[in-house]
Amino acid sequence: MKTILFDFDGTLANTLPVCFKAFQDVFHSFDEVELTDEDIVKMFGPSETGIIRNQLNHTDIEAAIERYYASYSKHHTKLVEKDEEIRVLLKKLKSSGYRLGIITGKAQRSLDISLEALELHSYFDVLISGDDVNKPKPDPEGIELALQTLGARREDAIYLGDSDADLLAGQRAHVQTGEVHWLPGYQPTLTVKGDEVFLSTSELLEYLKRCSEVGGSKDKK
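Summarised in this report is the structure supplied together with it. (Residues numbered from 1 in each chain as written. Predicted model: local features only at pLDDT ≥ 70, side-chain atom pairs only at ≥ 80, totals over all residues. Heavy atoms only, no water.)

**Things to note about the overall build of the protein**
- Secondary structure summary: the protein contains nine helices and six strands in total.
- Rg of the C-alpha trace for the protein: 18 Å, near the compact-globule value of 17 Å for 221 residues, within the 12% margin.
- Overall size of the protein, expressed as C-alpha extent along the three principal axes, is 65 × 30 × 30 Å.
- Burial status across the protein gives 48% buried among its 221 residues.
- Partitioning the contacts of the protein with sequence separation of at least 6, the portion at a separation of at least 24 is 66%.
- When the accessible area of the protein is evaluated, it comes to approximately 11100 Å², of which 47% is carbon and sulfur surface.
- Positive and negative side-chain charges in the protein, numbering 26 and 38 respectively, have mean positions lying 7 Å apart. (Helix = DSSP H or I, 4+ residues; strand = E, 2+ residues; numbered from the N terminus. Rg over C-alpha atoms; globule rule 2.2 N^0.38 Å. Buried < 20%, exposed > 50% of the residue type's maximum accessible area, 1.4 Å probe, protein only. Contact = heavy atoms within 4.5 Å. Areas by Shrake-Rupley, 256 points an atom, 1.4 Å probe, with all protein chains shown as cover. Lys, Arg positive; Asp, Glu negative; His and termini not counted. Charge placed at Lys NZ, Arg CZ, Asp CG, Glu CD.)

Below, the structure written as structure tokens:
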């Protein structure tokens with residue numbers, strides 16, 4: 001195993017609260033509509049800008065998009081906590097020589113806001129956002145683009161995520177998949193099963209260690 005690919009929301013950071021806040025701000029301000037968290041989840045699939053373009057009735061779409069990013073940035077520090085365990089994990093993986101990537105449905109702009117706020121930007125070799133693909137997850141386009149960009153083999157890669165769409169995308173890209181259940185205060189509800197289940201970051205490190213040992217024994221043979 002040489003390439004570790006991650007989803008972002010719900011996998012590396014629990015950004016859902018700030019996403020909900022920003023969408024609620026936009027739809028209240030422009031359409032005078034009050035949305036619940038569940039209403040917003042039903043819109044998920046496209047990037048944030050795609051959701052606004054598809055769902056907003058107001059004609060000033062560009063102003064609404066700017067309002068979203070302003071709200072997302074304003075409330076990020078309050079609603080999204082830095083997770084030291086995640087930072088330590090990424091640091092260990094990076095120092096061990098793994099190539100790291102993110103494949104997310106988020107727009108690049110909001111991904112950059114989150115990575116900067118959480119001080120995670122420097123760990124990744126490739127970032128594939130919702131702006132970079134024509135087909136969102138569960139289509140494998142984003143994972144395949146990341147592998148191509150890295151020059152990585154799919155048999156040497158694993159994709160980690162917290163949603164059915166993540167796991168289906170990984171399966172369709174023919175890479176190993178891992179269910180992530182490690183963020184405090186957040187537990188995903190999945191109907192699709194991954195090849196591996198990780199309840200903690202230490203379990204991922206143990207899995208990679210086992211993969212390394214198996215690969216080493218094969219090389220010696």
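**As for unusual backbone geometry**
- A cis amide bond links Lys137 to the next residue, Pro138, at an omega of 20°.
- Non-glycine residue Glu32 carries a positive phi angle of around 55°.
- Looking at the secondary structure, you find Glu32 in the loop between α1 (16–31) and α2 (37–41).
- For His174, which is not glycine, the phi dihedral falls at a positive 60°.
- Along the chain, His174 falls in the loop between α8 (164–172) and β5 (176–180).

**Some details on the packing of aromatic side chains**
- Using the criterion set out here, one finds six aromatic pairs in the structure.
- On the numbers, 6.4 Å between centres and 85° between planes, the contact of Phe6 with Phe124 is edge-to-face. With Phe6 in strand β1 (residues 3–6) and Phe124 in the loop between α6 (108–117) and β3 (126–128), the pair connects residues that are 118 residues apart, well separated along the chain.
- The interplanar angle of 80° and the centroid separation of 5.7 Å between the aromatic rings of Tyr68 and Tyr69 together place this pair among those described as edge-to-face. For the pair formed by Tyr68 and Tyr69, the shared burial category is buried.
- Joined through ring pairs, the aromatic side chains of Phe23, Tyr68, Tyr69 and Tyr72 make up one cluster. (Phe/Tyr/Trp six-rings, centres within 6.5 Å; stacked < 30°, edge-to-face > 60°.)

**Quick notes on the pattern of salt bridges**
- Tallied over the entire structure, the rule returns 12 salt bridges.
- With a shortest N-O distance of 3.4 Å, Glu48 and Lys106 are connected by a salt bridge. In this pair, Glu48 sits in helix α3 (residues 48–55) while Lys106 sits in the loop between β2 (99–103) and α6, placing the two residues 58 residues apart along the sequence. For the pair Glu48 and Lys106, one class covers both residues: buried.
- The partner of Lys82 in a salt bridge is Glu119, and the shortest N-O contact between them spans 3.3 Å. Of the two residues, Lys82 is situated in the loop between α4 (61–79) and α5 (84–95) and Glu119 in the loop between α6 and β3; the sequence distance between them amounts to 37 residues.
- Through salt bridges with shared partners, a single network forms among Asp7, Lys137 and Asp166. (Salt bridge = Lys/Arg side-chain N within 4 Å of Asp/Glu carboxyl O.)

**As for the pairing of β2**
- When you tally the buried positions in β2, you get four out of five residues, the bulk of the element.
- In this sheet, β2 lies alongside β1 in parallel orientation, the contact comprising four bridges. Counterpart to Ile4 in the pairing with β2 is Leu100.
- With α6 bridging β2 and the parallel β3, this β-α-β connection has right-handed handedness. (Pairing = 2+ DSSP bridges. Right-handed = clockwise from strand over helix to strand, strands pointing away.)

**Some words on helix α7 (residues 141–150)**
- For α7, the full list of buried residues reads Gly142, Ile143, Ala146, Leu147 and Leu150. Take α7 and look down its axis: the buried residues cluster within an arc of 135°, on one side only. Residues of α7 that are exposed and point more than 90 degrees away from the buried face comprise Gln148 and Thr149.
- Just downstream of α7, Gly151 is the residue with a positive phi angle, here 65°. (Arc of directions from axis to C-beta.)

Geometry only, nothing functional implied.
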